[in-house]
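Architecture and fold: a report
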Amino acid sequence: MNVDSQDLKDLKKIDKRVKVNEVSKVRLKARPINVKVTALGKEEQKLVKKWSSKCAEPLREFCTSVLTRLLTYFTSKSVDNILSEATRKGLSLEIILILLSQYDLVNNDDTLIKNYLNTGNVDINILVNILLKNGINIKPEELNQFIQNKDKTKREGGLISKLLKP
């Protein structure tokens, strides 16, 4: 099989075209990222006020920023449902918001949140580390203390406990 030089050149040109076409198909074209601040609607603002006012004072500003960030990615109904479920189960609103602040949107990693909602147990050191990453310096004992004190006032503030007191 003899291949003359012209055929060889033609084959090389075709080979180059195929390689160029394959590479161009594989490359992803980058799109510019549109960074725009989305203002929350009235419904979302009411939701933020409602839930952040229930947070303990040292974490109220943090709770507000977490709720605002969550409402830019999720519907107000879904955020309200998860916070309502946590409070209905008697769990700490602050803890659930601290855990929600670390929710991984890319991988949908919600194992800490699900574990806390199902068992009610969470490692206080994880919470302190999350808060420390967000610029809030608090000792584990302090965090544990004001969460427990807040839970006691919730339990003592109920109608049934007022009726049962002598």
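These numbers come from a predicted model, not from an experiment.

Thresholds, definitions, all that
- Residues numbered from 1 in each chain as written.
- Predicted model: local features only at pLDDT ≥ 70, side-chain atom pairs only at ≥ 80, totals over all residues.
- Heavy atoms only, no water.
- Helix = DSSP H or I, 4+ residues; strand = E, 2+ residues; numbered from the N terminus.
- Contact = heavy atoms within 4.5 Å.
- Disulfide = S-S within 2.5 Å.
- Buried < 20%, exposed > 50% of the residue type's maximum accessible area, 1.4 Å probe, protein only.
- Axes fitted to C-alpha atoms, helices over the stretch in contact; angles between N-to-C directions.
- Parallel < 35°, antiparallel > 145°, perpendicular 65-115°, else oblique.
- Left-handed = near helix turned anticlockwise from the far one by under 90°.
- Nonpolar A, V, L, I, M, F, W, Y, C, P; charged D, E, K, R; others polar.
- Phe/Tyr/Trp six-rings, centres within 6.5 Å; stacked < 30°, edge-to-face > 60°.
- Lys NZ or Arg CZ within 6 Å of the ring centre and 35° of its normal.
- Core = buried A, V, L, I, M, F, W, Y, C linked by side-chain atoms within 4.5 Å.
- pLDDT = per-residue confidence, 0-100.
- Salt bridge = Lys/Arg side-chain N within 4 Å of Asp/Glu carboxyl O.

Relative to the helices and strands, Ser52 is located in helix H2 (residues 42-52). Residues within four places of Ser52 in sequence aside, it is in contact with Arg60, Thr64 and Leu67.

In total, this model carries one disulfide according to the counting rule given. The disulfide partner of Cys55 is Cys63, and the gap between their sulfur atoms is 2.4 Å. In this structure, the disulfide formed by Cys55 and Cys63 twists by about -100 degrees around the S-S bond and is classed as left-handed. Both residues of the pair, Cys55 and Cys63, count as buried.

Axis separation between helix H4 (residues 76-88) and helix H5 (residues 93-100) bottoms out at 9 Å; the angle between their running directions is 140 degrees. Compared by their axis directions, H4 and H5 come out oblique. H5 is crossed by H4, and the crossing has right-handed handedness. Only Leu93, Ile96, Leu97 and Leu100 of H5 make contact with H4, whose side of the interface consists of Ile82, Leu83 and Ala86. Looking at the contact of H4 with H5 residue by residue, the classes come out as seven nonpolar, no polar and no charged.

A word on the packing of aromatic side chains. Scanning the entire structure with this criterion turns up zero aromatic pairs. The residue whose ring lies beneath Lys54 is Trp51, and the NZ or CZ to ring-centre distance is 4.5 Å.

The next thing to look at is the nonpolar core. Nonpolar side chains in soluble globular proteins tend to be buried together. Core analysis: the biggest nonpolar cluster contains 35 residues, and Leu83, Ile96, Leu97, Leu131 and Leu143 have the highest contact counts within it. For this core, the element with the most residues is H5, which contributes seven residues. The contacts of Leu97, once residues within four sequence positions are left out, are Cys55, Phe62, Cys63, Val66, Leu67 and Leu83.

Another aspect to go through is the confidence of the model for the chain. When pLDDT is averaged along the chain, the result is 75, and 68% of the positions lie at 70 or above. In the model of the chain, helix H9 (residues 159-164) stands out as the element of lowest mean pLDDT, 39, in contrast to H2, which has the highest, 90. With pLDDT under 50 throughout, residues 22-31 is counted as low confidence; its partners more than four residues away or in other chains account for zero contacts.

Turning our attention to the pattern of salt bridges. The tally for this structure, following the rule as stated, stands at three salt bridges. Among the ionic pairs, Glu57 bridges to Arg60, the shortest N-O distance being 2.8 Å. Exposure remark for Glu57: the relative accessible area of 55% places this residue in the exposed category. For Arg60, a relative accessible area of 30% gives the class partly exposed. Residue Lys89 pairs with Glu85 through a salt bridge whose shortest N-O separation is 3.3 Å. Assessed through its relative accessible area of 42%, Lys89 is described here as partly exposed. For Glu85, a relative accessible area of 25% gives the class partly exposed.

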